[in-house]
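Examining the three-dimensional arrangement
This is what each chain is made of:
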Amino acid sequence: MDRIEIGRGALSRRGLLGLGIGALGAGALAACSSSPSLPAPSGSGSSGGASGSVIDLTAYDAVLAKGAVADASLVEANGWAKAIKARGVINRGGTDTSSLFSLRNPATGKVAGFDAGISQLLAKYITGQPKENLSQVTVDTRETLLQNNSVDLVVATYSITPARQQKVDFAGPYYVSQSAILVKSTTNNINSVDDLAGKNVATQSASTGVALLQKYAPKANVQTFDDNPKCLAAVQQGRVDAYVIDQSILLSDAAQNHDVKLVGQPFGSSDPYGIGLHKGSDALAFVNAWLKVMEADGSWAALWKATVGQVVKTEPPAPPAISA
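Residues numbered from 1 in each chain as written. Predicted model: local features only at pLDDT ≥ 70, side-chain atom pairs only at ≥ 80, totals over all residues. Heavy atoms only, no water.

1. A closer look at the pairing of strand E8 (residues 200–204)
In terms of burial, E8 is largely enclosed, as four of its five residues are buried. Strand direction decides the pairing type here: E8 and strand E10 (residues 242–246), joined by two bridges, are parallel. Residue pairing across strands places Ala 202 opposite Tyr 243, the latter belonging to E10. (Buried < 20%, exposed > 50% of the residue type's maximum accessible area, 1.4 Å probe, protein only. Helix = DSSP H or I, 4+ residues; strand = E, 2+ residues; numbered from the N terminus. Pairing = 2+ DSSP bridges.)

2. With respect to helix H10 (residues 283–296)
Its 14 residues place the ends of H10 20 Å apart at the C-alpha level, agreeing with the 20 Å of an ideal helix rising 1.5 Å per residue. Buried within H10 we find Ala 283, Phe 286, Val 287, Asn 288, Trp 290, Leu 291 and Met 294. Those residues of H10 hidden inside the fold are in contact with helix H2 (72–76), helix H3 (79–87), helix H4 (114–127), strand E7 (169–184), strand E11 (260–277) and helix H11 (299–306). (Expected span 1.5 Å × (residues − 1). Contact = heavy atoms within 4.5 Å.)

3. Looking at the sheet that holds strand E3 (residues 102–104)
The three strands are arranged E2-E3-E4 in an open sheet whose pairing can be described as antiparallel. Because the sheet does not close on itself, it has two edges, and the strands there are strand E2 (97–98) and strand E4 (111–112). With two bridges connecting them, E2 and E3 associate as antiparallel partners. Directly across from Thr 97, in E3, lies its bridge partner Leu 103.

4. Describing the packing of aromatic side chains
Inspection of every chain in the model, using the stated rule, returns ten aromatic pairs. Measuring from centroid to centroid gives 6.5 Å for Phe 101 and Phe 114, while their planes differ by 75 degrees, and the two rings are edge-to-face. One end of the pair, Phe 101, is in the loop between E2 and E3; the other, Phe 114, is in helix H4, and 13 residues separate them in sequence. Accessibility assignment for this pair places Phe 101 and Phe 114 in one class, buried. When the ring of Tyr 158 is compared with that of Phe 170, the centres are 4.8 Å apart and the planes differ by 70 degrees; the resulting orientation is edge-to-face. With a gap of twelve residues between them, Tyr 158 in the loop between strand E6 (153–154) and helix H6 (162–165) and Phe 170 in strand E7 connect regions that are remote in the sequence. The class of Phe 170 is buried, set by a relative accessible area of 8%. (Phe/Tyr/Trp six-rings, centres within 6.5 Å; stacked < 30°, edge-to-face > 60°.)

5. Some words on the nonpolar core
Ranked by size, the top nonpolar core spans 47 residues in total, and within it Trp 80, Ile 275 and Trp 290 carry the most contacts. Contributions of two or more residues to this core are made by helix H1 (57–66), H3, E4, H4, E7, E11, H10 and H11. Here this core gets eight residues from one element, more than from any other, and that element is H4. In terms of nonpolar packing, the next biggest core, distinct from the first, is built from 16 residues, Ala 202, Tyr 243, Val 260 and Leu 262 among them. (Core = buried A, V, L, I, M, F, W, Y, C linked by side-chain atoms within 4.5 Å.)

6. Looking at unusual backbone geometry
Backbone torsion omega between Gly 172 and Pro 173 reads 10 degrees, so that peptide bond is classified as cis. Turning to its location among the elements, Pro 173 is positioned in strand E7. Phi at Asn 149 takes a positive value of approximately 60 degrees, unusual for a residue other than glycine. If you trace the backbone, Asn 149 turns up in the loop between helix H5 (142–147) and E6. Of note, the phi angle at Thr 157 is positive, near 40 degrees, even though the residue is not glycine. Mapped onto the elements, Thr 157 comes out in the loop between E6 and H6. With relative accessibility at 0%, the residue Thr 157 sits in the buried group.

7. Observations regarding the pairing of E7
Counting buried positions along E7 gives 15 out of 16 residues, so the element sits mostly inside the fold. Bridge count between E7 and E10: four bridges; the pairing is antiparallel. Across the sheet, Ile 181 pairs through a bridge with Val 244, a residue of E10.

8. Describing the side chain of Asn 105
Position of Asn 105 relative to the elements: it lies in the loop between E3 and E4. Within the structure, the side chain of Asn 105 is placed 2.8 Å from the backbone nitrogen of Ala 107, a separation counted as a polar contact. (Polar contact = N/O pair within 3.5 Å; in protein donor to acceptor, adjacent residues only side chain to side chain.)

9. Focus: the pattern of salt bridges
Within the structure shown, the criterion is met by eight salt bridges. Two residues, Glu 76 and Lys 82, come together in a salt bridge whose shortest N-O distance is 2.9 Å. Given a relative accessible area of 48%, Glu 76 falls into the partly exposed group. Classification of Lys 82 as partly exposed rests on a relative accessible area of 41%. Between Asp 226 and Lys 230 there is a salt bridge; the shortest N-O distance is 3.1 Å. By relative accessible area, Asp 226 is classed as exposed at 54%. Residue classification places Lys 230 among the partly exposed residues on the basis of a relative accessible area of 39%. (Salt bridge = Lys/Arg side-chain N within 4 Å of Asp/Glu carboxyl O.)

10. What about the environment of Phe 170?
Sequence-wise, Phe 170 and Leu 153 are 17 residues apart; in three dimensions their C-alpha atoms are separated by 9.4 Å. Setting aside its immediate chain neighbours within four residues, Phe 170 contacts Tyr 158, Ser 159, Ile 160, Thr 161, Arg 164, Gln 165, Gly 274, Ile 275, Gly 276 and Leu 284.

11. Re the packing of H1 against H11
Closest axis-to-axis distance for the H1/H11 pair is 8 Å, and the angle between their directions is 160 degrees. By the criterion of interaxial angle, the relationship of H1 to H11 is roughly antiparallel. Considering the relative orientation of H1 and H11, their crossing is left-handed. Each of Ala 59, Tyr 60 and Val 63 in H1 lies in contact with H11, whose residues at this interface are Ser 299, Ala 302, Leu 303 and Ala 306. Looking at the contact of H1 with H11 residue by residue, the class counts come to six nonpolar, one polar and no charged. (Axes fitted to C-alpha atoms, helices over the stretch in contact; angles between N-to-C directions. Parallel < 35°, antiparallel > 145°, perpendicular 65-115°, else oblique. Left-handed = near helix turned anticlockwise from the far one by under 90°. Nonpolar A, V, L, I, M, F, W, Y, C, P; charged D, E, K, R; others polar.)

What follows is the structure, given as C-alpha cells:
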C-alpha cells in the first residue's frame, strides 16, 4: 500500500521501523520486500530541531560535516556522478513533510531527515558539498521524474518492488521496514501480536492490514477505517484496542500524539527502501559502492542516531545488505 501523507493526511502503503514514541511530523512514500529490520520500540522521543521534528540537528549537521568525499578520479570515471559534480548540486525527488525522513524547516528552508541525509551525504561524496535541489514527488510521479531526467535520484521511503524495477534501478536497500502495533499510552495488556487475540484491532481498509491480521492475529476482531486519522482516532477514543499498519505511519502518529504508543516487535514481511535511479545508467554501481562506504565509515549509524534514533531509544540496527 503506497501512501503519500503520514500523520494527519491520507496514507497507505506498507513501510518501516519497529519503534518507540516522540514528537514527529508527517509524509512519506513507500512499497515492499526483505532484509534485517529495526529494533522494537522502547522509551520516548526527545531532541528537537526543525518545526514538528524530533531530529537532533546538531548531530545531523555533524554527520554531514564528516561525510566522505570521493576521489576526483572516481567521479570523473562515472558519467552520472560527473554530471552532478559539474552542476554542483544533486537533484532529488522526495518530500519535505516527513519529520524523521525529510522535513523542511519553514524558518530556515533546510530539509533534514534520514532520507534527506542520504541524499545530502551522497551529494557531498560527489561534489564536496551536501547540496541538493528537492523536487516534490508523489506515488504516481516518482518513476516519471526519473524517466524524463527531471531528477538524479529519488529518495523518499521508496520501496523496492519487481514492478518498479522494470522502470527504474534501485540502489540499496538503505533501510528496511515492517508492520507494528499502536495502542493507547495507558494500555498494558497488549505487548505483542499474540496479545491481539480477542481484541478490537483497527487497520486501513485500502491497506494490506486486513490480510496481515488474518495471518498473524486470526482471532483479532478487525475493524477497518478509510484512513490513518480515523484509525488513530478509534484508538484514542477507546473504540478499538489497537491499530496495525506500517511502522512509519504509526511512528509518526505516536510522535505527534503522546496519548498513544508503539508496542511489541515489528512483524510481517520486510519492506526494503531503495534509492531510485535512471534505468540502465552507470549510477547504480556508483551509488551502491557509496552506500557501502557510508555504512563502513559509520555515517549510516550516525545518521540513524540523529534522526530515527531520537525516537527509537536503542543502538542503531545493522544496515541492510546492499544488493550486488
